[in-house]
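# A closer look at the structure
Spelled out from the first residue to the last, the chains are:
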Amino acid sequence: MGGSGSRLSKELLAEYQGSTLTGSLPSARAHRRFCELLPQEHRSVEESLQARVSLEQILSLPELKANPFKERICKVFSTSPSRDSLSFEDFLDLLSVFSDTATPDIKSHYAFRIFDFDDDGTLNREDLSQLVNCLTGESEDTRLSASEMKQLIDNILEESDIDRDGTINLSEFQHVISRSPDFASSFKIVL
Amino acid sequence: MSQSPAFVLNVLETPEDPEGQEPSPYDESEVHDSFHQLIQEQSRWVAEEGLELQQRQPETGALGASGSDHETMLGPEGAPVYSMATLRILASMPSRTIGRSRGAIISQYYSRTVKLRRRAGRPQLRDMGRSARPSLRLYDLELDSAVLEEEEKRGLLVKELQGLTAAQRDHMLRGMPLSLAEKRCLRSESRPPRGKHRAQRHRGLLSCCDQLRDSCVLASHNLGLALLSGLQALMPWHYALKRIGGRFGSSVLSYFLFLKTLLAFNTLLLLPLLAFIVGVQAAFPPAPTGPVPAFTGLELLTGGGYLTHSVMYYGYYSNATLNQPCASPLDGSQCTPEAGSLPYSMPLAYLFTLGAAFFITCITLVYSMSRSFGESYRVGSTSGVHAITVFCSWDYKVTQRWATRLQHDNIRTQLKELLAEWQSRQHRRSACGQLRRVAVLGLVWLLCLGTTLGCTLAVYTFSELMIKSPVSAEREAVLLLLPLVVCLLNLGGPYLFRILAALERHDSPVLEVYVAICRNLILKMVTLGILCYHWLGRRVGTLKDQCWENFVGQELYRLMVMDFIFTLLDTLLGELVWRLFSEKQLKRKGKPEFDIAGNVLELIYGQTLTWLGVLFSPLLPAMQIIKLLLLFYIKKASLMANCQAPRRPWKASHMSTVFISLLCFPSFLGAAVFLCYAVWQVKPSSTCGPFRTLDTMYEAGKVWVRRLEKAGPRVSWLPWIHRYLVEDTFPIYLVSALLLAVIYLNIQVVKGQRKVICLLKEQISNEGEDKIFLINKLQRVYERKEKSREAGQSQELSVLTSGANLGPVFSVKCGRGP
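Parameters and conventions
Residues numbered from 1 in each chain as written. Chains lettered and ligands numbered in written order. Predicted model: local features only at pLDDT ≥ 70, side-chain atom pairs only at ≥ 80, totals over all residues. Heavy atoms only, no water. UniProt positions renumbered as here; feature names shortened; annotations may be inferred. Helix = DSSP H or I, 4+ residues; strand = E, 2+ residues; numbered from the N terminus. Buried < 20%, exposed > 50% of the residue type's maximum accessible area, 1.4 Å probe, protein only. Contact = heavy atoms within 4.5 Å. Buried area = accessible area lost by both parts, 1.4 Å probe. Salt bridge = Lys/Arg side-chain N within 4 Å of Asp/Glu carboxyl O. Disulfide = S-S within 2.5 Å. Expected span 1.5 Å × (residues − 1). Core = buried A, V, L, I, M, F, W, Y, C linked by side-chain atoms within 4.5 Å. Domains from an automatic or database assignment. Phe/Tyr/Trp six-rings, centres within 6.5 Å; stacked < 30°, edge-to-face > 60°. Lys NZ or Arg CZ within 6 Å of the ring centre and 35° of its normal. Polar contact = N/O pair within 3.5 Å; in protein donor to acceptor, adjacent residues only side chain to side chain. Axes fitted to C-alpha atoms, helices over the stretch in contact; angles between N-to-C directions. Parallel < 35°, antiparallel > 145°, perpendicular 65-115°, else oblique. Left-handed = near helix turned anticlockwise from the far one by under 90°. Nonpolar A, V, L, I, M, F, W, Y, C, P; charged D, E, K, R; others polar.

Chain B has the name Transmembrane channel-like protein in an unreviewed UniProt entry, where Bos mutus is given as its organism. Looking at the Subcellular location (unreviewed entry) heading of the UniProt record, one finds this comment for chain B: "Membrane". Turning to chain B, the UniProt annotation filed under Sequence similarities (unreviewed entry) states: "Belongs to the TMC family."

An unreviewed UniProt entry lists chain A under the name Calcium and integrin-binding protein 1, with Bos mutus as the source organism.

### Observations regarding the overall build of chain B
Of the regular secondary structure elements, chain B holds 26 helices and two strands. For chain B, buried positions account for 41% of its 818 residues. Contacts in chain B between residues far apart in sequence, at least 24 positions, make up 77% of those at least 6 positions apart.

### Some points on the interface of chain A and chain B
With 78 residues of chain A at the interface, the matching set in chain B holds 67 residues. Surface buried jointly by chain A and chain B totals about 6500 Å² across both partners, of which 59% is contributed by carbon and sulfur atoms. Inspection of the region where chain A meets chain B yields three salt bridges. Residues Lys 242 of chain B and Glu 63 of chain A are paired through a salt bridge, measuring 3.4 Å at the closest nitrogen-oxygen approach.

### Examining the state of the cysteines
All names here are of chain B. The final tally for this structure, using the stated rule, is one disulfide over all chains. A sulfur-sulfur distance of 1.6 Å marks the disulfide that ties Cys 547 to Cys 688. As the torsion about the S-S bond is roughly 95°, the Cys 547-Cys 688 disulfide counts as right-handed. Separated by 141 residues along the polypeptide, Cys 547 in the loop between helix 18 (509-542) and helix 19 (548-584) and Cys 688 in the loop between helix 22 (652-680) and helix 23 (699-711) bring together distant segments of the chain.

### Description of helix 10 (residues 146-160) of chain A
Taking 1.5 Å as the rise per residue, helix 10 of chain A with 15 residues should run 21 Å; its terminal C-alpha atoms sit 21 Å apart, in good agreement. Among all positions of helix 10 of chain A, only Met 149, Leu 152, Ile 153, Asn 155, Ile 156, Leu 157 and Ser 160 of chain A are buried. Where helix 10 of chain A is buried, its residues touch helix 9 (125-136) and helix 11 (170-178) of chain A together with helix 14 (385-392) and helix 15 (401-426) of chain B.

### So, the pattern of salt bridges
Overall, the coordinates contain 17 salt bridges over all chains when judged by the stated rule. Put simply, Glu 63 of chain A and Arg 33 of chain A hold a salt bridge, and the shortest N to O gap is 3.1 Å. One end of the pair, Glu 63 of chain A, is in helix 5 (residues 62-65); the other, Arg 33 of chain A, is in helix 2 (residues 27-37), and 30 residues separate them in sequence. Here the two residues Glu 63 of chain A and Arg 33 of chain A agree in accessibility, since each one is buried. One salt bridge connects Asp 563 of chain B with Lys 627 of chain B, and the closest N-O pair in it is separated by 3.2 Å.

### Quick notes on the environment of Asn 410 of chain B
Residue and element names in this part refer to chain B. Among the secondary structure elements, Asn 410 is positioned in helix 15. Counting along the chain gives 237 residues from Asn 410 to Arg 647, while the straight-line C-alpha distance between them is 6.0 Å. Excluding its chain neighbours within four sequence positions, the residues that come into contact with Asn 410 are Pro 646 and Arg 647.

### Comments concerning the nonpolar core
By size, the foremost hydrophobic cluster in this structure holds 102 residues, and its most contacted members are Tyr 255, Phe 258 and Leu 615 of chain B. Ranked by residue count, the leading element in this core is helix 11 (residues 250-283) of chain B, at 15 residues. Here this core gathers at least three residues from each of two domains, domain 1 (238-286 + 296-322 + 343-694) and domain 2 (696-727) of chain B. Excluding residues within four positions of it along the chain, Leu 615 of chain B makes contact with Tyr 314, Tyr 350, Leu 354, Leu 675, Ala 678, Val 679 and Met 697 of chain B. By size, the runner-up hydrophobic cluster in this structure holds 79 residues, among which are Phe 69 and Phe 173 of chain A together with Tyr 110 and Cys 392 of chain B.

### Here we look at unusual backbone geometry
For residues other than glycine, phi is negative in most cases, and the peptide bonds are mostly trans. Residue and element names in this part refer to chain A. Phi at Asp 119 takes a positive value of approximately 55°, unusual for a residue other than glycine. Summarising the element assignment, Asp 119 is placed in the loop between helix 8 (104-115) and helix 9. Judged by its relative accessible area of 14%, Asp 119 falls in the buried class. A positive phi angle, close to 55°, is found at Arg 164, a residue other than glycine. Along the polypeptide, Arg 164 turns up in the loop between helix 10 and helix 11.

### Quick notes on the packing of aromatic side chains
Throughout the structure, instances matching the rule amount to 36 aromatic pairs over all chains. With a centroid separation of 5.6 Å and an interplanar angle of 35°, the aromatic rings of Phe 34 of chain A and Phe 91 of chain A are classed as tilted. Of this pair, Phe 34 of chain A sits in helix 2 while Phe 91 of chain A sits in helix 7 (residues 88-97), and the two are 57 residues apart along the sequence. Judged by its relative accessible area of 0%, Phe 34 of chain A is buried. With relative accessibility at 2%, the residue Phe 91 of chain A sits in the buried group. Arranged with centres 5.8 Å apart and planes meeting at 85°, the rings of Tyr 314 of chain B and Tyr 350 of chain B form a pair that is edge-to-face. Within this pair, whereas Tyr 314 of chain B is found in the loop between helix 12 (299-302) and strand 1 (321-322), its partner Tyr 350 of chain B is found in helix 13 (residues 346-376), the two being separated by 36 residues in sequence. Its relative accessible area of 0% is what places Tyr 314 of chain B among the buried residues. A connected cluster of aromatic rings, assembled from ring pairs, spans Phe 69, Phe 77, Phe 98, Tyr 110, Phe 112, Phe 115, Phe 173, Phe 183 and Phe 187 of chain A together with Phe 391, Trp 394 and Tyr 396 of chain B. Between Arg 519 of chain B and the ring centre of Trp 445 of chain B, over which it is positioned, the NZ or CZ distance is 4.5 Å.

### Focus on the domain arrangement of chain B
All names here are of chain B. Here chain B is partitioned into domain 1 (238-286 + 296-322 + 343-694), domain 2 (696-727) and domain 3 (739-788). The C-alpha-based centres of domain 1 and domain 2 are spaced at 38 Å. On the side of domain 2, seven residues touch domain 1, which itself brings 15 residues to the contact. For the pair domain 1 and domain 2, the two sides together bury roughly 1000 Å², of which 81% comes from carbon and sulfur.

### Notes on the domain arrangement of chain A
All names here are of chain A. Here chain A is partitioned into domain 1 (15-98) and domain 2 (104-187). For domain 1 and domain 2, the distance between their C-alpha centroids amounts to 26 Å. With nine residues of domain 1 at the contact, the number on the domain 2 side is 14 residues. Interface area for domain 1 against domain 2, summed over the two sides, is near 1100 Å², with a carbon-plus-sulfur share of 71%. Inspection of the domain 1/domain 2 interface yields one salt bridge. Of the charged contacts in the structure, one is a salt bridge between Arg 72 and Asp 119, with a shortest N-O distance of 3.1 Å. Our enumeration of links across domain 1 and domain 2 arrives at five residue pairs in polar contact (both at pLDDT 80 or more). It is helix 6 (residues 70-77) that contributes the most residues to the side of domain 1 that touches domain 2, four residues altogether.

### Details of the packing of helix 9 of chain A against helix 15 of chain B
In contact at an axis separation of 7 Å, helix 9 of chain A and helix 15 of chain B are set at 125° when each is read in the N-to-C sense. With respect to helix 15 of chain B, the element helix 9 of chain A is oriented oblique. Contact residues: helix 9 of chain A offers Val 132, Cys 134, Leu 135 and Thr 136 of chain A, while helix 15 of chain B offers His 408, Ile 411, Arg 412 and Leu 415 of chain B.

### Overview of helix 10 (residues 238-248) of chain B
All names here are of chain B. All of the buried residues along helix 10 are Ala 240, Leu 241, Ile 244, Gly 245, Gly 246, Arg 247 and Phe 248. Where helix 10 is buried, its residues meet helix 11, helix 15 and helix 21 (620-642). Remark: Gly 249 follows helix 10 within two positions and exhibits a positive phi of approximately 95°.

### A look at the packing of helix 19 of chain B against helix 20 (residues 596-613) of chain B
Residues and elements named next belong to chain B. Closest axis-to-axis distance for the helix 19/helix 20 pair is 10 Å, and the angle between their directions is 165°. It follows from the interaxial angle that helix 19 and helix 20 lie roughly antiparallel. Our pair here, helix 19 against helix 20, has a crossing hand that is left-handed. Residue-level inspection shows Leu 556, Leu 559, Met 560, Asp 563 and Thr 567 of helix 19 in contact with helix 20, the latter providing Glu 602, Tyr 605, Gly 606, Leu 609, Thr 610, Leu 612 and Gly 613. Its residues placed into classes, the contact of helix 19 with helix 20 shows six nonpolar, four polar and two charged.

Shown next, in the form of structure tokens:
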């Protein structure tokens, strides 16, 4: 849980709160949880702000453990060149996007990046089929059949691909999201 | 595959595996470009005439690409196949880079900031020159040769941000999907340096006002944040709700959030009552009228006996002015008031406090209903259900592994149902099937309404029976029979409706839920209506010289207690016992589902009882608060132990809107009508309560207004308001007409917006066709270039290696002419 040495200073907290929108993002709590992932000797304030936590450790957090998109989430927020570790600021970024107070714009932007499995800036058929497979479950017998998958993806493209180019880009995705009032409340991770 | 000739290659594209070809999305130097880059490359190649090695395209079919503009080269699966150069261009398209490139985000927000400052509609389109027209993004496209680097764009953005006020700057920064570190850099760079303050002071009063306003906004914002975090720390149920959301999802969570809302409403109702009625009367207790019966345990159930002569009920309250300095003027002269005492008219306080509390509750209800409706309604939200389900239905709050597995199952079921529904809509049902469906629907509705009628008749008969056999003081437990019957019918009715509903089959599962809610609601409201008639219509007559208000208050108390007991029983039997039974006897693995609709209707029913009874028993909201608190913990415990989340898809925001609307319309409105009738039309009893000498309760207010009129000209506006706005009906008609006009205008606006959306969609799909056309043209340009280069190369090589065995390969290549 950390002694006084690993508590964030007040200025740093205020700095974080101002940028990340709200006092309801518990920066102190986030820092505590982040420090728990670090080895014991690196838990001081200065070190924790510079340290990076590997992907496996972040994936072991209880809030992320059961999420089928956990690898994509960590990849999207990671700023390291090989995209396999997260610093404390990346972690705060993650929490702020998933918090109550991020605007639906920001949430849909990051959701798009999470769903874009091949990172090419659009959702094409492979991305969509991978997405549906993540949603329906891991094992073979929980997946949709090939014909159902094709029909589903055809329907999705029919409904959301406005410019008929066979892929869904960010604007079209945000347009679909704006029609669903539940998105903001379900795209939330509470620490 | 390709033979590498023996001269120097000016390789512009690396012939590696295709996956490495596309620009990496996190390659931050990949700023979005226009066609400028293509034209540069083209001119460079023409100048150098180097060799370009490209990946060989898979053998395509017979579609020999001719001059037709709309034919595309199709790969083996029917998807168009583009060359590497085309793909590279495609990857740099603005619509694709905005999703991944930081430079694109920065320039987008730069142009948004510029718009904010200039308050112009669109950024001006520069001279287009010879390039293609820009695409849909609102960029200021720099079409001169100096392509802005990301750093320059960033500098521009910082400069623009400096020109904004602090509040606008913060708002802009918050909306940017950039990482925390970058936002912090931007913020620190765009804060105006200290030296500029003096220069700004010279600008005069206007900037002072601006700064004042900004600092006020910032201060209030910070205060709001501090309050919010303080409130959240006070909220006792934060972790409980998080656990519930994590295990069962948003739909079950919406029940508990609704419970919290009801708690807030009751507190809002209770506080004025405590302050102005209960507290004052408790401080000045009236003289006891008779011997007070001893306290036995039965009072807690029946509400009578010892509790009758307490602050709990209407009858305890005096009808005189409390703290009156003199008892009665003996010789008609005015008595001098004692120093420091304030006369407090109890009847007026009773009437006005209740009226004010109800009014505040009404306003709060309507406001929260309209806000919830505004959040959950979207134009066109009924279409596009497949995309919405796939993109928006995963609940990230769920953290347990088994709950996640359940979510997987639910989503899979939902997707399969959607597909089945879509397919069945493709094949229209036969007329015979339609008729059959309508007939079954009509029959089931008839049966349900018949059941409701039967329950109503039963309650009516029983209540008449209770009137005919008066109850003596020793057998007060008999009074519990009527609430018992009502609660039994309320419990059994929904189960019967569920059995009947198994006969009919609806197309959409959400409709089933709405229909079930409707039927249950009709049953409950009709039963309550009969009871209200029984109290105000019959009991007032039969209890002429006793305190009928006390009786009604006690009846409502009994109903509330019985309702609570039956809810406990239902939880115990319906959830715990059913789970044990199904596990041990039926050997089924699934736990019973948590019935959200039924439980919410129970809450609404309990709240209706509170609102009905608050006139006759001012402490009833306190009882309701205690009941809700207990209910929270009991339901949570039962949920965690016995239940699973419902399998039907629940749009939590829609459901919250429905719950709040049901709370407002049948529930609150009915209670308000009942109260208005009781206050305006019914003669209060003459032996007890604050209105005992009056004809109606409302007369207390009228008497006071008349006294004010006589008091003098200084307060004459109050009687004027009373005469012309409250008693006159014209202002009400006027306000209703205005409201109707506003509603009609809003409906027309929404219709217009739908039309505009259709037009815009058409336009966008036309643009998309343009884009595909241009991409195909581009593809053809590259192909032609490659072929001409290959043709030139093969000619040279055939000259060099005449007679070698490379002939056939190259002749094949030559044969593939345009």
